[in-house]
Amino acid sequence: MKRVLTRLGVVGAATVLACGLAVGMASAPALAAGCIGTNNTDVAVPDLGSADSPMVISGCPGAAAVTSRVEVHIVHPYQGDLVVSLVAPDGSAYVLQSRVGGSADNLDQTFTVNLSSEAAAGTWRLHVQDAASGDAGFINTWTLMLAAAATCSQTNATAYTIPDNGTVTSNVAITCTGPASTASTVAVNITHTYSGDLVISLVAPDGSVYILRNRSGGSADNVVQTFTINLSGEVRTGTWGLRVQDASPADVGRINSWTLSV
């Protein structure tokens with residue numbers, strides 16, 4: 001038979017602390033300005049029930065890191081009852097621990113998880129399920145460290161002529177590791193007398209082509225613009241190319257410079 005919780009009294013859906021305060025099931029999201037946030041609000045984990053502790057991450061652009069960390073502190077007299085998951089803003093669930101630990105008290109552990117396919121910003125939740133009868137507990141505190149990798153930027157300021165009815169590519173070499181950001185940017189400065197002639201693409205190190213602009217702009221001169229693009233499916237390291245095609249006769253121009261931030 002499993003032990004009962006003796007240090008805390010469990011009353012209905014609320015855990016009564018030594019100070020006499022009841023910790024309710026609902027919890028307002030903790031707000032984190034940056035890539036690290038902590039929710040210190042206690043949330044009861046009822047016997048054979050579930051609990052969620054939310055956290056809003058803001059001011060953390062791009063994708064979460066391959067080595068994101070989740071530090072959890074859960075008070076419970078039978079750790080083996082618990083299924084602990086991190087739920088991303090898009091609803092994806094990452095199981096951190098599933099019914100291991102047997103009769104050991106509490107769960108105080110830091111988990112490393114690959115969250116590189118997730119945007120860092122949004123509301124994250126620590127979801128705790130009690131999957132066996134006889135015990136209850138509470139989420140004491142948890143910390144989410146998305147450690148979004150710093151943006152990596154490179155500029156090529158060498159001018160490249162865009163021939164009439166031709167194509168030119170300007171390259172940059174990125175040495176940063178890890179996946180590119182969901183909000184990568186490509187800032188281009190192109191001189192051309194008929195911007196509607198141009199097809200502008202970004203070519204990733206693996207050869208994937210991302211079309212940034214396709215013959216729009218009509219007779220307007222030049223393209224001075226920053227494009228935002230999700231490159232989280234690409235590794236950052238390698239040679240990236242800005243490919244510019246002049247797809248109509250009678251005008252020429254040049255790539256003045258461009259900057260890639262991944």
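Participant: Just checking my understanding: could you explain the environment of Val-83 for this structure?
Facilitator: Within the secondary structure, Val-83 sits in strand E9 (residues 82-87). The exposure class of Val-83 is buried, given its relative accessible area of 14%. Here the alpha-carbon distance between Val-83 and Val-128, two residues 45 residues apart in the chain, equals 5.8 Å. For Val-83, the contacting residues outside a window of four places in its chain are Val-95, Gln-97, Ser-98, Arg-99, His-127, Val-128 and Gln-129.

Participant: Teacher, can you tell me more about unusual backbone geometry here?
Facilitator: For residues other than glycine, phi is negative in most cases, and the peptide bonds are mostly trans. With a phi close to 60 degrees, Leu-48 is a non-glycine residue in the positive phi region. Although it is not a glycine, Asn-106 sits at a positive phi angle of roughly 60 degrees. Structurally, the position occupied by Asn-106 is in the loop between strand E10 (93-98) and strand E11 (107-113).

Participant: Where do I start with the sheet that holds strand E16 (residues 167-174) in this structure?
Facilitator: For sheets, the rule is that strands pair by backbone hydrogen bonds, running either parallel or antiparallel. Pairing is antiparallel across the open sheet formed by four strands, whose spatial order is E16-E21-E18-E19. Among the strands making up the open sheet, the edge pair consists of E16 and strand E19 (209-214). Adjacent strand axes in the sheet meet at a mean angle of 20 degrees, parallel and antiparallel pairs treated alike. As paired elements, strand E18 (residues 198-203) and E19 share five bridges and run antiparallel to each other.

Participant: Sorry if this is basic, but what is going on with the nonpolar core here?
Facilitator: Soluble globular proteins tend to bury their nonpolar side chains together. Counting 28 residues, the largest nonpolar core has Val-70, Leu-86, Trp-124, Leu-126, Trp-142 and Leu-144 as the members making the most contacts within it. Listed by contribution, the elements that provide at least two residues to this core are strand E6 (43-45), strand E7 (50-58), strand E8 (68-75), E9, E10, E11, strand E12 (122-130) and strand E13 (137-145). If you look at the next biggest cluster of nonpolar residues, it comprises 25 residues, including Val-168, Ile-200, Trp-258 and Val-262.

Participant: What am I meant to see in the pattern of salt bridges here?
Facilitator: Two side chains of opposite charge can pair, provided their charged atoms sit close to one another. All chains considered together, the criterion is met by one salt bridge. In this structure, Arg-125 and Asp-52 form a salt bridge, with 2.5 Å as the shortest nitrogen-oxygen distance. Highlighted residues: Arg-125 in strand E12 and Asp-52 in strand E7, separated in sequence by 73 residues. Owing to a relative accessible area of 27%, Asp-52 belongs among the partly exposed residues under this scheme.

Participant: What exactly am I supposed to notice about the side chain of Ser-261 here?
Facilitator: Tracing the backbone shows Ser-261 in strand E22 (residues 253-261). A polar side-chain atom of Ser-261 sits 2.7 Å from a polar atom in the side chain of Ser-153.

About the criteria used
Residues numbered from 1 in each chain as written. Predicted model: local features only at pLDDT ≥ 70, side-chain atom pairs only at ≥ 80, totals over all residues. Heavy atoms only, no water. Helix = DSSP H or I, 4+ residues; strand = E, 2+ residues; numbered from the N terminus. Buried < 20%, exposed > 50% of the residue type's maximum accessible area, 1.4 Å probe, protein only. Contact = heavy atoms within 4.5 Å. Pairing = 2+ DSSP bridges. Axes fitted to C-alpha atoms, helices over the stretch in contact; angles between N-to-C directions. Core = buried A, V, L, I, M, F, W, Y, C linked by side-chain atoms within 4.5 Å. Salt bridge = Lys/Arg side-chain N within 4 Å of Asp/Glu carboxyl O. Polar contact = N/O pair within 3.5 Å; in protein donor to acceptor, adjacent residues only side chain to side chain.

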